[in-house]
Amino acid sequence: GWVLRQGAMLQKALHEKEPRLVHSESNESLFQELQQVVRAEPGMVSKAIASRAQGDRKEIARLLGHLPMIREYREQNSHGREKRALSNHSSQGPMSARYVPRPPLARK
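Residues numbered from 1 in each chain as written. Predicted model: local features only at pLDDT ≥ 70, side-chain atom pairs only at ≥ 80, totals over all residues. Heavy atoms only, no water.

Topic: the overall build of the protein
Regarding its fold elements, the protein presents five helices and zero strands. Put simply, the protein runs from its N terminus to its C terminus through helices and strands in the order α-α-α-α-α. Burial statistics for the protein: of 108 residues in total, 2% are counted as buried. Carbon and sulfur atoms provide 60% of the accessible area of the protein, an area that totals close to 10500 Å². (Helix = DSSP H or I, 4+ residues; strand = E, 2+ residues; numbered from the N terminus. Buried < 20%, exposed > 50% of the residue type's maximum accessible area, 1.4 Å probe, protein only. Areas by Shrake-Rupley, 256 points an atom, 1.4 Å probe, with all protein chains shown as cover.)

Let's talk about the pattern of salt bridges
Scanning the model with the defined rule gives one salt bridge in all. Note that Arg-62 is salt-bridged to Glu-59, the shortest N-O span being 2.8 Å. One end of the pair, Arg-62, and the other, Glu-59, are both in helix H4 (residues 54-64), three residues apart, so they sit about a helical turn from each other. A relative accessible area of 45% places Arg-62 in the partly exposed class. (Salt bridge = Lys/Arg side-chain N within 4 Å of Asp/Glu carboxyl O.)

Regarding the environment of Arg-57
Assignment of secondary structure puts Arg-57 in helix H4. Of the residues examined, Arg-57 reaches a relative accessible area of 33% and is grouped as partly exposed. Residues contacting Arg-57, with those up to four places away along its chain left out, are Ile-49 and Arg-52. (Contact = heavy atoms within 4.5 Å.)

Structure follows, in C-alpha coordinates:
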(Lines give C-alpha, C1' and ligand atoms only; values in the text may rest on other atoms or scores of the structure.)
Protein backbone atom coordinates (compact mmCIF):
# COMPACT_ATOMS: atom_id res chain seq x y z
CA GLY A 1 0.00 0.00 0.00
CA TRP A 2 0.81 3.62 0.42
CA VAL A 3 3.08 3.11 3.42
CA LEU A 4 5.21 0.57 1.56
CA ARG A 5 5.59 2.88 -1.45
CA GLN A 6 6.51 5.81 0.80
CA GLY A 7 8.99 3.63 2.69
CA ALA A 8 10.57 2.46 -0.55
CA MET A 9 10.88 6.05 -1.80
CA LEU A 10 12.44 7.10 1.51
CA GLN A 11 14.92 4.21 1.43
CA LYS A 12 15.91 5.09 -2.13
CA ALA A 13 16.36 8.77 -1.21
CA LEU A 14 18.46 7.88 1.84
CA HIS A 15 20.79 5.72 -0.25
CA GLU A 16 21.39 8.39 -2.89
CA LYS A 17 24.70 10.16 -2.43
CA GLU A 18 23.11 13.51 -3.11
CA PRO A 19 19.32 13.46 -2.88
CA ARG A 20 17.75 15.42 -5.72
CA LEU A 21 16.02 18.63 -4.72
CA VAL A 22 13.82 19.91 -7.47
CA HIS A 23 12.55 23.17 -6.01
CA SER A 24 13.96 26.45 -7.27
CA GLU A 25 15.94 28.91 -5.17
CA SER A 26 12.92 31.21 -5.12
CA ASN A 27 11.00 28.49 -3.25
CA GLU A 28 13.71 27.87 -0.66
CA SER A 29 11.83 29.58 2.18
CA LEU A 30 8.72 27.51 1.46
CA PHE A 31 10.89 24.38 1.42
CA GLN A 32 12.45 25.30 4.77
CA GLU A 33 9.07 26.07 6.36
CA LEU A 34 7.56 22.77 5.21
CA GLN A 35 10.62 20.97 6.57
CA GLN A 36 9.91 22.55 9.98
CA VAL A 37 6.34 21.26 9.86
CA VAL A 38 7.50 17.77 8.90
CA ARG A 39 9.97 17.67 11.81
CA ALA A 40 7.54 19.06 14.40
CA GLU A 41 6.82 17.05 17.52
CA PRO A 42 3.30 15.59 17.68
CA GLY A 43 2.52 17.69 20.77
CA MET A 44 3.44 20.87 18.93
CA VAL A 45 1.25 19.92 15.96
CA SER A 46 -1.62 19.12 18.31
CA LYS A 47 -1.31 22.48 20.09
CA ALA A 48 -1.11 24.32 16.76
CA ILE A 49 -4.34 22.67 15.61
CA ALA A 50 -6.16 23.16 18.92
CA SER A 51 -5.30 26.85 19.05
CA ARG A 52 -6.84 27.61 15.63
CA ALA A 53 -10.40 28.60 14.90
CA GLN A 54 -12.47 26.12 12.92
CA GLY A 55 -12.22 28.23 9.77
CA ASP A 56 -8.44 28.30 10.03
CA ARG A 57 -8.30 24.52 10.52
CA LYS A 58 -10.45 24.01 7.43
CA GLU A 59 -8.17 26.31 5.42
CA ILE A 60 -5.06 24.42 6.59
CA ALA A 61 -6.75 21.13 5.64
CA ARG A 62 -7.65 22.57 2.23
CA LEU A 63 -4.07 23.68 1.60
CA LEU A 64 -2.64 20.35 2.74
CA GLY A 65 -5.00 18.65 0.29
CA HIS A 66 -2.93 20.07 -2.55
CA LEU A 67 0.01 17.84 -1.56
CA PRO A 68 -0.03 14.49 -3.39
CA MET A 69 1.04 12.51 -0.31
CA ILE A 70 -1.82 14.01 1.71
CA ARG A 71 -4.39 13.24 -1.00
CA GLU A 72 -3.15 9.65 -1.13
CA TYR A 73 -3.19 9.36 2.68
CA ARG A 74 -6.76 10.70 2.82
CA GLU A 75 -7.88 8.26 0.16
CA GLN A 76 -6.32 5.31 2.00
CA ASN A 77 -7.68 6.53 5.33
CA SER A 78 -11.22 6.99 4.02
CA HIS A 79 -11.28 3.40 2.74
CA GLY A 80 -10.15 2.17 6.17
CA ARG A 81 -12.78 4.28 7.91
CA GLU A 82 -15.53 2.90 5.68
CA LYS A 83 -14.50 -0.68 6.45
CA ARG A 84 -14.33 0.02 10.20
CA ALA A 85 -17.69 1.77 10.16
CA LEU A 86 -19.31 -1.21 8.45
CA SER A 87 -17.79 -3.75 10.86
CA ASN A 88 -18.40 -1.62 13.98
CA HIS A 89 -21.97 -0.77 13.03
CA SER A 90 -23.16 -4.36 13.29
CA SER A 91 -21.17 -5.34 16.38
CA GLN A 92 -21.42 -2.27 18.59
CA GLY A 93 -23.88 0.27 19.81
CA PRO A 94 -23.88 3.94 18.84
CA MET A 95 -20.82 4.77 20.95
CA SER A 96 -17.39 4.72 19.34
CA ALA A 97 -14.92 2.11 20.55
CA ARG A 98 -12.48 4.94 21.24
CA TYR A 99 -14.84 6.89 23.49
CA VAL A 100 -14.13 6.41 27.17
CA PRO A 101 -16.36 8.43 29.50
CA ARG A 102 -14.69 10.33 32.30
CA PRO A 103 -15.54 9.26 35.83
CA PRO A 104 -17.57 11.79 37.81
CA LEU A 105 -15.57 14.28 39.87
CA ALA A 106 -15.51 13.57 43.58
CA ARG A 107 -17.24 16.24 45.66
CA LYS A 108 -15.61 17.52 48.81
